[in-house]
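The residues making up each chain are set out below.
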Amino acid sequence: MQTNFLSQQFNAGFLAENSTACPANATICDGTSCVLPENNFNQTLSIVLSTVLTIMLALVMFSMGCNVELKNFLGHIKRPWGIFVGFLCQFGIMPLTAFLLSLAFNVLPIQAVVVLIMGCCPGGTASNVIAYWVDGDMDLSISMTTCSTVFAMGMMPLCLFVYTKMWTDSDAIVLPYDSIGLSLVALVIPVSFGIFVNHKWPSKAKIILKVGSIVGAVLIVLIAVVGGILYQGSWIISPKLWIIGTIFPAAGYILGFFLARVAGLSWHRCRTVSLETGMQNTQLCSTIVQLSFTPEQLELMFTFPLIYSIFQLLFALLILGGYRLYRRHRVKTKTDIEKTEQKEDSKSNAKINGGFVSNEMK
C-alpha cells in the first residue's frame, strides 16, 4: 500500500544500514531485522491469551470504575481544564516528539511512520491502573482515557497528515475506526458499571477496587511477558528503534508532568496527566501497522509497538516505586515531627504545671 518512493527508499536505506545476519529459520530476513515463523502453538496461545486478557481487562476497568465518583467525573466533563491539558499532551506533545525523534535519529521512512503512528495513538487503559497506585486523580484519569479515545477518531488522521508528509502519503495508512470504537466500548461499559456499583454499594466497591488494582498490576506485567513469548524472534531490529523506544515514553512522562504543572494542576493531577501522556494504546498501534504495511515491511518492523510498551511499563514501574518511597519517607518524617512536637508540648506543660517529666522526655 505504500508508494514506490517509500518502498525504494526503504529497501536501499535498509540494506545499506544493516548487515547482521538473522536466524536461519526466519520468515523474511533482510539485514538486522527479522521474525521467526509463528507455529501452531503460538497461534493457539495468542488466541487463548487474547481472550483471557480481554476478559481480565474488562474486569480491571470495572474495578477502576468503582473508585470513580459520578459527581467528580461529571465535574471534569463540565470544567474540562484537566482534560484540555491532557489533550494538548496527547495530540500535541506526543506526535511532535515522535517527529523530532525520527528526524534526530534519521530513521528509514517506514520506521519514522510507525514511530509517528505510536505518537498519535490515544492513551492506554494501563494508565488507569498505575494512576491508582500513585494516588492520582482517578476521575481525571478515566475521563482523559475516554476523551482521548473519542478525539482519536479525528485527531489521528489530522496528526498523521501533518507529520508524515515528508515520508509517505497519509492515505496509505489505514486507521481501524472499528478497533478504536471497540476500545472505547471496552472502556466505557465496564467503567460505567463500576461507577454504578460505587454509587449504590460504596463499601462493596472498595473491596472490588482493592482486588481489581492487584489483578490490574499482574495483568500489565502478564501482557509484557506474553508479548515477549509470542514475538521472541522479533527482537533483532535496528538499534535506532531500540533507542527511540526507550526515549519516547520517558519523554512523554516528563513533558506531560511539566506541562500539567505549568498549567497549574495539583500534584496528584500532574502525576495523572504524566501517566496518561506516556502510556499509549500500543495494541491500537499494532493494529494500524498490520493494516497499513506490506507483509515484507510488516515482518521487519512491527515490533516497535512491543518495544514501546515494554519501556513505557518499565518507566511507569520506576515512577510507582519512586512515589512509594517518597510517600513512605514523607509519612515517616511527618510522624517523627509530630512525635517531637508532642514531646515538647508535654515538657512545657509539665514545667508549667509542675508535673513529672519522664527520662524519655529529658
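Keep in mind it's a predicted model, so treat the numbers as computed, not measured. As a convention, each chain's residues are numbered from 1 in the sequence order in which they are written. It should be noted that, the model being predicted, local features are given only for residues of pLDDT at least 70 and side-chain atom pairs only at 80 or more, the latter also being counted only at that level, while totals for whole chains, interfaces and linings use all residues. Side-chain descriptors were evaluated using all non-hydrogen atoms of the structure, hydrogens and water having been removed beforehand.

Focus on the confidence of the model for the protein chain
Phase 1 of the analysis: Within a predicted model, pLDDT stands for the predictor's per-residue confidence, ranging from 0 to 100. For the protein chain, per-residue confidence averages 76 on the pLDDT scale, and residues scoring 70 or more make up 70% of the total.
Phase 2 of the analysis: Between two residues, a contact is recorded if the distance between any of their heavy atoms is within 4.5 Å. The low-confidence segment residues 1–20, where pLDDT is below 50, has 42 contacts with residues more than four positions distant or belonging to other chains.
Phase 3 of the analysis: Confidence drops under a pLDDT of 50 for residues 348–362, and excluding neighbours within four residues, the segment shows seven contacts in the predicted structure.

Some thoughts on the state of the cysteines
Each disulfide is one covalent bond, formed between the sulfur atoms of two cysteines.
Phase 1 of the analysis: Here, a disulfide means two cysteine sulfur atoms that sit within 2.5 Å of each other. Per the stated rule, a full pass over the model turns up zero disulfides.
Phase 2 of the analysis: For the unlinked cysteine Cys285, the closest cysteine sulfur is that of Cys121, found at 4.7 Å.
Phase 3 of the analysis: Categorising residues by exposure relies on relative accessible area from a 1.4 Å probe, with only protein chains included: less than 20% of the type maximum marks a residue as buried, more than 50% marks it as exposed, and the intermediate range marks it as partly exposed. Owing to a relative accessible area of 0%, Cys285 belongs among the buried residues under this scheme.

Comments concerning the packing of helix 5 (residues 109–120) against helix 10 (residues 239–262)
Phase 1 of the analysis: A fitted line through C-alpha atoms represents every axis, and for helices the fit uses only the stretch in contact; the resulting angles, taken between N-to-C directions, go from 0 to 180 degrees. Secondary structure is summarised from DSSP: a helix means a run of H or I of at least four residues, a strand means a run of E of at least two, and numbering begins at the N terminus for each. Running from N to C, helix 5 and helix 10 point in directions that differ by 15°, and their axes come no closer than 12 Å. By the criterion of interaxial angle, the relationship of helix 5 to helix 10 is roughly parallel. In terms of crossing hand, the pair formed by helix 5 and helix 10 is right-handed. Residues Gln111, Val115, Met118 and Gly119 of helix 5 form the contact with helix 10, whose own contacting residues are Leu241, Ile244 and Phe248.
Phase 2 of the analysis: Amino acid classes used here: Ala, Val, Leu, Ile, Met, Phe, Trp, Tyr, Cys and Pro are nonpolar; Asp, Glu, Lys and Arg are charged; the rest, including Gly, are polar. A per-class count over the contact of helix 5 with helix 10 returns five nonpolar, two polar and no charged. Angular relationships are summarised with four words: roughly parallel below 35 degrees, roughly antiparallel beyond 145, roughly perpendicular across 65 to 115, and oblique for the angles in between. Crossing handedness is defined as follows: a turn of the near helix away from the far one that is anticlockwise and smaller than a right angle gives a left-handed crossing, while the clockwise case is right-handed.

Thoughts on unusual backbone geometry
Phase 1 of the analysis: Positive phi, close to 50°, is recorded for Asn106, a residue that is not glycine.
Phase 2 of the analysis: Its place among the elements puts Asn106 in the loop between helix 4 (81–104) and helix 5.
Phase 3 of the analysis: Notably, Asp135 is not glycine yet its phi reads approximately 55°, a positive angle.
Phase 4 of the analysis: On the accessibility criterion, Asp135 (30% relative accessible area) is partly exposed.

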